[in-house]
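Architecture at a glance
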Amino acid sequence: MPNRRNLYFFYRRDEELQEKLLPLFDLARKYNFTVVKDFRDANVIVSIGGDGTFLQAVRKTGFREDCLYAGISITEHLSMYCDFYINDTSKMVEAMANEQIKVRKYPTIEVTVDGESNFLCLNEFSIRSSIIRTFAMDIYIDELYFETFRGDGLIVATPTGSTAYNKSVNGSVVDPLLPCMQVSEIASMNNNSYRTLGSSFILSGDRTLTLMVVQDGNEHPTMAMDNEALSIKHVRKIEVKLSNRVIKTVKLKDNSFWEKVKRTFL
Ligand code: NAP
Ligand code: MN
């Protein structure tokens, strides 16, 4: 990593973990990296924790395209965004010493709520009824009115997010080399009044998905971008599309997406 020498570590500040990290900081310095205190000075951002921590690391540092992100697992198994073990530094050394580091690029999605608030998601955007009653939305693909959904909610997942919430509702696992987004239902009602496709569908990166929340007293759904709740209470129109921002991670010999899927699920 010849031009990326400023490292920022993102982790939960607890004493036990802090102690475990000291050898890691020393290792970074040994390879001529500078450990910076402010993420704005970084060009490599290292998350220490699980996938949830990685999602937070990306969000709290602003989805930076000029940075390389890396995830270090603090458990004995690796997760989808974590390619390094805290107790095995050999792969980290390999990556740090490598002059020609290769990168993997993960697509993100961009969500606009009521034409003003913009957010990026690395896993998914999810919207669900926050009360016992169902809620309804008219769904458009580009200009086309597609269906009216009534039920618990919807998930719009990125390819790397396809193995998370999306997978729990029987969505497909999607290769991150495909720049696209997947729409999956959470408990849709299907009867003579309401009809939805019933299966997940995958949209090309050139399309826009628009959700018009039916204003029938249930227009206060719970919305989330990855693992963070949106504080917006009242919502009318949500637009989701692929962002031109990507998240770059270190490409290693054994960390292709399908290797991760295999080691996580099979
Ligand atoms: P959490 O509730 O602690 O974690 C949910 C689990 O999903 C954790 O085991 C987490 O891994 C894992 N995970 C996160 N991103 C993943 C990915 N891209 N592929 C496979 N597994 C993934 O919350 P969290 O750790 O902050 O993670 C947030 C994510 O949880 C959300 O983005 C959403 O996808 C997912 N979620 C799932 C459900 C569901 O399946 N019913 C419901 C709500 C949210 P780690 O243990 O390594 O953190
Ligand atoms: Mn977690």
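The present account deals with the structure reproduced in this document. (Residues numbered from 1 in each chain as written. Chains lettered and ligands numbered in written order. Predicted model: local features only at pLDDT ≥ 70, side-chain atom pairs only at ≥ 80, totals over all residues. Heavy atoms only, no water.)

1. Looking at the overall build of the protein
We apply this condition: Here a helix means four or more residues in a row that DSSP labels H or I, a strand means two or more in a row labelled E, and each is numbered from the N terminus. Atoms counted for the radius of gyration: C-alpha only. Globule rule: 2.2 Å times residue count to the power 0.38. Under the scheme applied here, a residue whose accessible area is under 20% of the maximum for its type counts as buried, over 50% as exposed, and between as partly exposed, the area being computed with a 1.4 Å probe on protein chains only. Throughout, a residue-residue contact means that at least one pair of heavy atoms, one from each residue, lies within 4.5 Å. With residues, only the protein chains shown are counted as cover, and all accessible areas are computed by Shrake-Rupley using a 1.4 Å probe. In this count, Lys and Arg are taken as positive residues and Asp and Glu as negative ones, while His and the chain termini are left out. Just so you know, the charge point we use is NZ for Lys, CZ for Arg, CG for Asp and CD for Glu.
Along the backbone of the protein there are five helices and 16 strands. Relative to the 2.2 N^0.38 estimate, which gives 18 Å for 266 residues, the radius of gyration of the protein is 20 Å and therefore close to what a compact globule would have. Principal-axis analysis of the C-alpha atoms places the extent of the protein at approximately 65 × 35 × 30 Å. Expressed as a percentage of the 266 residues in the protein, the buried residues total 50%. Look at the contacts in the protein between residues 6 or more apart in sequence, and 70% of them connect residues 24 or more apart. Carbon and sulfur atoms form 50% of the exposed surface of the protein, whose accessible area is close to 13000 Å². The averaged location of the 34 negative side-chain charges in the protein is 3 Å from the averaged location of its 33 positive side-chain charges.

2. Quick notes on helix α1 (residues 15–30)
Going by this rule: What a helix is expected to span follows from its residue count: subtract one and scale by 1.5 Å. Here the bend at a residue means the angle between the axes of two seven-residue stretches, the one that ends at it and the one that starts at it.
Across its 16 residues, α1 extends 23 Å between first and last C-alpha, which sits within 8% of the 22 Å expected from 1.5 Å per residue. The largest bend in α1 comes to about 35°, at Leu21, with the proline Pro23 one to four residues further on. Those residues of α1 that sit buried are Leu17, Leu21, Leu24, Phe25, Leu27 and Ala28. Those residues of α1 that are buried lie in contact with β1 (6–11), β2 (34–35), β3 (44–48), β4 (68–73) and α3 (90–97).

3. Brief notes about the environment of Tyr194
Selection criterion: Any pair of nitrogen or oxygen atoms within 3.5 Å is treated as a polar contact; in protein, a donor-acceptor pairing is required on top of that, and neighbouring residues in sequence qualify only through side-chain atoms on both sides.
Here Tyr194 is to be found in the loop between β11 (180–188) and β12 (201–204). A sequence separation of 46 residues divides Tyr194 from Thr148, and the C-alpha atoms of the two residues are 6.7 Å apart. Dropping the residues within four chain positions of it, Tyr194 is found in contact with Thr148, Arg150 and Met189. At 3.0 Å, the side chain of Tyr194 forms a polar contact with the side chain of Arg150.

4. Comments concerning a nonpolar patch on the surface
Where we set the bar: The patches described consist of residues with a relative accessible area above 30% and no salt bridge, like charges being joined within 9 Å and nonpolar side chains (Val, Leu, Ile, Met, Phe, Trp, Tyr) within 5 Å. We define a salt bridge as a contact between a side-chain nitrogen of Lys or Arg and a carboxyl oxygen of Asp or Glu at a distance within 4 Å.
There is a patch of nonpolar side chains on the surface, built from Leu144, Phe146 and Leu197 and spanning about 270 Å² of accessible area. Within the fold, Leu197 resides in the loop between β11 and β12.

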